[in-house]
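The residues making up each chain are set out below.
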Amino acid sequence: ILKDINFEIKKNEFIGIFGLSGSGKSTFFDLISGLIHPVKGKILIDNFQLNETNLYDWQNKIGYMMQDTILMDASVIENIAFGEDIGKFSTEKIKESIEKSQLKNSINILKNKENTILGERGLKLSGGERQRIALARTFYFNSEILLLDEITNSLDVHNEDIILNTIKNIKNKTKIFITHNLNSLKFCDQIFQVKDGKIEIYKK
């Protein structure tokens, strides 16, 4: 699907990648996250090649946000600290994650605040709020690299702008956002286009 790719992503940049459906955007994310390996060539992280020896440490730095956020029929807290044992939740980290993802106002109007049960697939929340829960989750686990896969497809333009502006202003994290919609990339520092098996800098 992808061939002869050669480019660099700098730490803490907000990178946008767009292309038609089936062009190889998701394959690119699979390569970056080490789910698949290049047939030829290398993936270098600070000049060290990504391999089986360092793959686990690399994947622990990655937070993966998707269009369809996985939410449990459980409390806001349990959904932010997703997968962690209840007795190990950090109240301070939960509070900080809620602040950073700008969820505080939405949670304050809920009857039981952060202890509110969200319902199956988070049905008590709007699409934008569900994405903020996913964003809070990446803050909670302190992911250094955020892979954002078509995360705004189900949002209206207003909520899309709010979410992407929030992500743009996240400090000390590398953000890579893939979409098929070029208009969604106005907040990005740099834009790449996936086309004909290549990933190249987009020139307007």
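The structure contained in this document is the topic of the report that follows. Computed from a predicted model, the values in this text were never measured in an experiment.

Reading the values: the criteria
Sequence order as written defines the numbering, with residues in each chain counted from 1. Only residues with pLDDT of at least 70 get local features here, since the model is predicted, and only at 80 or more are side-chain atom pairs given and counted; chain-wide, interface and lining totals rely on the full set of residues. The side-chain figures draw on all heavy atoms in the structure; neither hydrogens nor water molecules are used. Note on classification: 1.4 Å probe, protein chains only; a residue is buried when its accessible area is under 20% of the maximum for its type, exposed when over 50%, partly exposed between these limits. Starting at the N terminus, helices and strands are each numbered in turn, a helix being any DSSP run of H or I of at least four residues and a strand any DSSP run of E of at least two. Arc definition: it is the arc formed by the directions from the helix axis to the C-beta atoms. Whether two strands pair depends on DSSP finding at least two bridges between them. Axis definition: a line fit to C-alpha positions, over the contact stretch in the case of helices; interaxial angles, taken between N-to-C directions, run 0 to 180 degrees. The criterion used for residue contact is that any of the two residues' heavy atoms lie within 4.5 Å. The labels follow the angle: roughly parallel below 35 degrees, roughly antiparallel above 145, roughly perpendicular from 65 to 115, and oblique for the rest. A crossing counts as left-handed when the near helix is turned anticlockwise from the far one by less than a right angle, and as right-handed when that turn is clockwise. Residue polarity follows a fixed list, in which Ala, Val, Leu, Ile, Met, Phe, Trp, Tyr, Cys and Pro are nonpolar, Asp, Glu, Lys and Arg are charged, and the others, Gly among them, are polar.

1. Quick look at helix α1 (residues 25–32)
Okay, so step 1: Those residues of α1 not exposed but buried are Lys25, Phe28, Phe29, Leu31 and Ile32. Down the axis of α1, the sector holding all buried residues measures 160°, keeping them to one side.
Okay, so step 2: Just downstream of α1, Gly34 is the residue with a positive phi angle, here 80°.

2. What to know about the sheet that holds strand β7 (residues 190–195)
Okay, so step 1: Strand order in this open sheet of six strands is β4-β5-β6-β1-β7-β8, and the pairing throughout is mixed. Only two strands of the sheet have a single partner each, and these edge strands are β4 (62–66) and β8 (198–201). Within this sheet the neighbouring strands show an average axis-to-axis angle of 20°, counted without direction.
Okay, so step 2: Relative to strand β6 (residues 174–179), strand β1 (residues 14–18) runs parallel, the two being bridged by five bridges. Bridge pairing links Ile17 to Ile178 in β6.
Okay, so step 3: On top of the sheet, α1 reaches β1, β4, β5 (145–149), β6, β7 and β8; it is set at about 155° to β6, its chief contact.

3. Concerning the packing of helix α4 (residues 91–100) against helix α6 (residues 127–140)
Okay, so step 1: Interaxial distance between α4 and α6 falls to 8 Å at its minimum, and their mutual angle equals 130°. As summarised for this structure, α4 and α6 are arranged oblique, according to the angle between their axes. As for the relative orientation of α4 and α6, their crossing is right-handed in sense. Contacts between α4 and α6 involve Lys93, Ile94, Ser97 and Lys100 from the former and Ala136, Phe139 and Tyr140 from the latter.
Okay, so step 2: Looking at the contact of α4 with α6 residue by residue, the classes come out as four nonpolar, one polar and two charged.

On their own, these measurements won't tell you what the molecule is for.
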